[in-house]
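Fold and contact review
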Amino acid sequence: MSGIGPERTATLAAKVEAFVRDTVIPYERDPRRDHHGAPTEELVEELKEKARAAGVLTPHILPDGSHLTQRETAVVLTASGLSPLGPLACNTAAPDEGNMYLLGKVGSPDIQARFLKPLVEGRARSAFFMTEPDGGAGSDPSMMQTRCHQDGNHWVINGRKTFITGAQGAKVGIIMAKSDDGACMFLTDLPHPAIRIDRVPNTIDNSMPGGHATITIDNLRVPADQMLGNSGEGFQYAQVRLSPARLSHCMRWRGACIRAHEIAMDYANRRMAFGKTLIDHEGVGFMLAENMIDLKQSELMIDWCASVLDGGSLGTAESSMAKVAVSEALMRVADRCVQVMGGMGVTADTIVEQVFREIRAFRIYDGPTEVHKWSLAKKIKRDWKAAQAGSGVA
């Protein structure tokens, strides 16, 4: 990946940051929210229009359709994450960012024109239908129960999905189902009469419009040319999306924690207790110092993993390591910010309380910490066995 170089990246990131700080942050108190506090479509569209006018809509994808390198993307997406509304305004939010990356890499020209173009232009949202209820696919995608079979020049899909982020209000759906050959991946227009939203539960996080829906797919007919690749290749294409999507979560939420740290730091330097400012109390000052350390370690972990992906590797193990390290570090940051601010930290008067909730959910998104550690332990065992075999040790 060639990218745009460090100077242009810094300029672009500064432009995104200025837009988020000057234009987006004032919207954080906008009352246009849905039943559990997520921004409404009206609010998101208004923010996108402002981003479009400011020249920062979908900043990680260049006018010719090429993508910034992962290292460049990290700088830009971190800037967009300084407000929970920033990724929505700049069109860098999940799941759209990961879906755009996938379709840009493996979509046919027809699929890109029909499904990718409106996403890049910010005229549509998307949803990725993978996780299932009732013992189906989740952290273990091999448990997939949604089935598909070919019927003439169409595929017919039946099954249930759950925790499908942004499904309500989405216009593009990427659906994973299982044929006799293995996993398959399909594109479809939304809404669709064969796809029913059963419920949208209230969740600990509420930064994403559309929530996390439970879905029933009832005899959905998809034209054969809307399958990505061939029957049985679905997991192969999912791998293309996997590591960059994990890493982009880390980028955006690091931006949110930078902002939370700024708010807590300002509070600690202004608030008086026991004859001096909070920052001068060692217990508080040390928490903020630890935040600095965790934020810097997160930045370096993201940059390291991004460089691996930019080198052409799938980066499966590296992205697992980064996701664990960054999500756990950012959880510590968010928790300390709440603690430093005391009673103010648990109110909605600042975004610190929301960032804490969002980061708690992030520790589960794209694989819980424990699943990534389990996967890394399996790699350690495989590598050890390979080394033993190579050395001739029985």
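Bear in mind that the values here come from a model prediction, so they are computed numbers and not experimental data. (Residues numbered from 1 in each chain as written. Predicted model: local features only at pLDDT ≥ 70, side-chain atom pairs only at ≥ 80, totals over all residues. Heavy atoms only, no water.)

Taken as a whole, this structure holds 28 salt bridges when the rule is applied. Taking the shortest distance from any N to any O, the salt bridge between Arg 147 and Asp 180 comes out at 3.1 Å. Of this pair, Arg 147 sits in strand E2 (residues 147–151) while Asp 180 sits in the loop between strand E4 (172–179) and strand E5 (182–189), and the two are 33 residues apart along the sequence. According to the relative accessible area criterion, Arg 147 is partly exposed, its value standing at 39%. With relative accessibility at 76%, the residue Asp 180 sits in the exposed group. Close ionic contact of Asp 294 with Arg 336 constitutes a salt bridge, the shortest N to O distance being 3.1 Å. Taken together, the residues span a long stretch of sequence, with Asp 294 in helix H8 (residues 282–310) and Arg 336 in helix H9 (residues 316–341) at a distance of 42 residues. Several salt bridges share partner residues, and in doing so they unite Asp 30, Arg 32, Glu 42 and Glu 46 into one network. (Salt bridge = Lys/Arg side-chain N within 4 Å of Asp/Glu carboxyl O. Helix = DSSP H or I, 4+ residues; strand = E, 2+ residues; numbered from the N terminus. Buried < 20%, exposed > 50% of the residue type's maximum accessible area, 1.4 Å probe, protein only.)

Helix-helix packing is characterised by the crossing angle of the two axes and by the distance between the axes. As a packed pair, H9 and helix H11 (residues 369–391) sit with axes 9 Å apart at the nearest point and diverge in direction by 145°. Considering only the axes of H9 and H11, their crossing is left-handed. Residues Ala 317, Ser 320, Met 321, Lys 323, Val 324, Ser 327 and Glu 328 of H9 touch H11, and the partners they reach there are Thr 369, His 372, Lys 373, Leu 376 and Lys 379. For the contact of H9 with H11, the residue count by class is 4 nonpolar, 4 polar and 4 charged. (Axes fitted to C-alpha atoms, helices over the stretch in contact; angles between N-to-C directions. Left-handed = near helix turned anticlockwise from the far one by under 90°. Contact = heavy atoms within 4.5 Å. Nonpolar A, V, L, I, M, F, W, Y, C, P; charged D, E, K, R; others polar.)

For the rest of this paragraph, the subject is helix H1 (residues 6–24). Residue pairs three or four apart in sequence face the same way in an α-helix, which turns once every 3.6 residues. Taking 1.5 Å per residue as the helical rise, H1 with its 19 residues ought to reach 27 Å, and the 25 Å between its terminal C-alpha atoms agrees with that figure. Buried residues belonging to H1 abut helix H2 (41–54), helix H3 (70–80) and helix H4 (86–90). (Expected span 1.5 Å × (residues − 1).)

Mapped onto the elements of the fold, Gln 70 is located in helix H3. Owing to a relative accessible area of 2%, Gln 70 belongs among the buried residues under this scheme.

Our next topic: the nonpolar core. Grouped together as the largest cluster of nonpolar side chains are 66 residues, with contacts concentrated most on Val 16, Phe 19, Leu 247, Cys 257, Leu 330, Val 355 and Ile 359. Those elements that place two or more of their residues in this core are H1, H2, H3, H4, helix H7 (234–270), H8, H9 and helix H10 (352–362). Looking at which element gives the most residues to this core, the answer is H7, with 11 residues. Ignoring anything within four residues of it in the chain, the contact list for Leu 330 reads Cys 250, Trp 253, Arg 254, Cys 257, Leu 295, Ser 298, Ile 359 and Phe 362. (Core = buried A, V, L, I, M, F, W, Y, C linked by side-chain atoms within 4.5 Å.)

Let us look at H10. Counting buried positions along H10 yields 8 of 11 residues, so the element is predominantly enclosed. Buried residues in H10 make contact with H7 and H9.

Let us now look at the pairing of strand E7 (residues 212–223). Here strand E3 (residues 154–165) pairs with E7 via 9 bridges, running antiparallel. Bridging from a neighbouring strand, Ile 164 pairs with Ala 213 of E7. Pairing geometry for strand E6 (residues 195–199) and E7, over 4 bridges, is antiparallel. Considered in E7, the bridge of Ile 197 is made with Ile 215. (Pairing = 2+ DSSP bridges.)

Relative to the helices and strands, Glu 17 resides in helix H1. Residue Glu 17 is classed as partly exposed on the basis of its relative accessible area of 31%. Ignoring sequence-local partners within four residues, the contact set of Glu 17 consists of Ala 79 and Leu 82.

A word on the packing of aromatic side chains. Considering all chains together, one arrives at 1 aromatic pair under this definition. For the ring pair Trp 155 and Phe 186, a centre distance of 5.8 Å and an interplane angle of 55° mean the geometry is tilted. Here Trp 155 is found in strand E3, whereas its partner Phe 186 is found in strand E5, with 31 residues between them in sequence. This pair shows no difference in class: Trp 155 is buried, exactly as Phe 186 is. When the ring centre of Phe 128 is taken as reference, the NZ or CZ atom of Arg 241 above it lies at 4.4 Å. Cation over ring: Lys 323 sits above Phe 362, and NZ or CZ is 5.1 Å from the ring centre. (Phe/Tyr/Trp six-rings, centres within 6.5 Å; stacked < 30°, edge-to-face > 60°. Lys NZ or Arg CZ within 6 Å of the ring centre and 35° of its normal.)

Burial analysis of E5 places 7 of its 8 residues in the buried class, which makes it a mostly covered element. Connecting the antiparallel pair E4 and E5 is a turn made up of 2 residues.

We now examine the packing of helix H5 (residues 96–106) against H7. For the pair H5 and H7, the least separation of the axes is 9 Å and the interaxial angle reads 145°. Crossing handedness for the pair H5 and H7: right-handed. Only Tyr 237, Val 240, Arg 241, Pro 244, Ser 248 and Arg 252 of H7 make contact with H5, whose side of the interface consists of Glu 97, Gly 98, Asn 99, Tyr 101, Leu 102, Lys 105 and Val 106. Looking at the contact of H5 with H7 residue by residue, the classes come out as 6 nonpolar, 3 polar and 4 charged.

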